[in-house]
Amino acid sequence: MPSLLLWLHIGFAIFTIGPVTAATMSAPRAIRTKNVPALQFIQRLTRIYSLGSLGVFVFGLVLGIVLGDGLLGRWYMTASMTLFIVAAVMLVIIDRDLRTAVQALSSESADDDAKVQNGRIAAISGLLSVIWLVILFLMVVPE
């Protein structure tokens, strides 16, 4: 059972965290070029993979419970779970900004070119990538 949970945890990490990071990192270019269909696709991808990435957290938490031995109480596990929750909140913010950018670029008004959302998405997605790397480090190099 623990090996299946570990495989599911790693599988969800590979197949959801990577794509959601790539999608959020490509959004600023779609905003700059005012490519609304691509931006809509990126928003949909971000939402789907963000929801899928919750599987990483769920299977990691269940794995920690199954393995026992106070594993979830260790500092690096607590730090990783906290960073994951912060990353999930950041993904919600990115999704909101993507929705706003799609609305702004789809409108007839030439005044709003979604520059605010472009900068915020670029900054948050860069920080999100760093958070994923820190979590990976904490999972690979414990104590």
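Cut-offs applied
- Along each chain, numbering runs from 1 in the same order as the chain's sequence is written.
- Since the coordinates come from a predicted model, pLDDT governs what is reported: local features require at least 70, and pairs of side-chain atoms require 80 or more to be given and counted, while whole-chain, interface and lining totals use all residues.
- Note that water and hydrogens are dropped before the side-chain values are worked out from all heavy atoms of the structure.
- Here the axes come from fitting lines to C-alpha atoms, over the contacting stretch only for helices, and the angles between their N-to-C directions go from 0 to 180 degrees.
- Runs of E in the DSSP output that reach at least two residues are strands. Runs of H or I that reach at least four are helices, and both are numbered from the N terminus.
- What makes a crossing left-handed is the near helix being turned counterclockwise from the far one by less than a right angle; a clockwise turn instead makes it right-handed.
- Throughout, a residue-residue contact means that at least one pair of heavy atoms, one from each residue, lies within 4.5 Å.
- All amino acids are sorted into three groups, where Ala, Val, Leu, Ile, Met, Phe, Trp, Tyr, Cys and Pro are nonpolar, Asp, Glu, Lys and Arg are charged, and the leftover types, Gly among them, are polar.
- UniProt positions are given in the numbering used here, feature names are shortened, and annotations may be inferred rather than shown by experiment.
- Here the expected span of a helix is defined as 1.5 Å times the quantity of residues minus one.
- We define the bend at any residue as the angle between the axes fitted to the seven residues before and including it, ending there, and the seven starting there.
- Exposure categories follow from relative accessible area, calculated using a 1.4 Å probe and restricted to protein chains: below 20% of the type maximum is buried, above 50% is exposed, and the middle band is partly exposed.

Caption draft 1: How the structure looks around the packing of helix H1 (residues 2-32) against helix H3 (residues 75-106). One way to put it is that H1 packs onto H3 with a least axis distance of 11 Å and a crossing angle of 35 degrees. Pair H1 / H3 crosses with left-handed handedness. Here Ile17, Val20, Thr24, Ala27 and Ile31 of H1 come into contact with H3, specifically with Phe84, Leu91, Ile94, Leu98, Ala101 and Leu105. Residue composition of the contact of H1 with H3, by class: 10 nonpolar, 1 polar and no charged.

Caption draft 2: View of the UniProt feature "transmembrane region" (unreviewed entry) in the chain. In the UniProt entry, the feature "transmembrane region" (unreviewed entry) is given for residues 6-27, 48-68, 74-94 and 121-141. Summarising residues 48-68: 95% helix, 0% strand, and an end-to-end C-alpha distance of 31 Å. A helix fraction of 95% and a strand fraction of 0% characterise residues 74-94, whose end C-alpha atoms lie 30 Å from each other.

Caption draft 3: Structural detail: H1. Look at H1: 46 Å from first C-alpha to last across 31 residues, which is about the 45 Å you get at 1.5 Å a residue. Its axis deflected by about 30 degrees at Ser26, H1 carries its strongest bend there, up to four residues before the proline Pro28. Looking at H1, one finds that the buried residues are Leu5, His9, Thr16, Ile17, Val20, Thr21, Ala23, Thr24, Ala27, Pro28, Ala30 and Ile31. On its buried side, H1 packs onto helix H2 (36-67), H3 and helix H4 (115-140).

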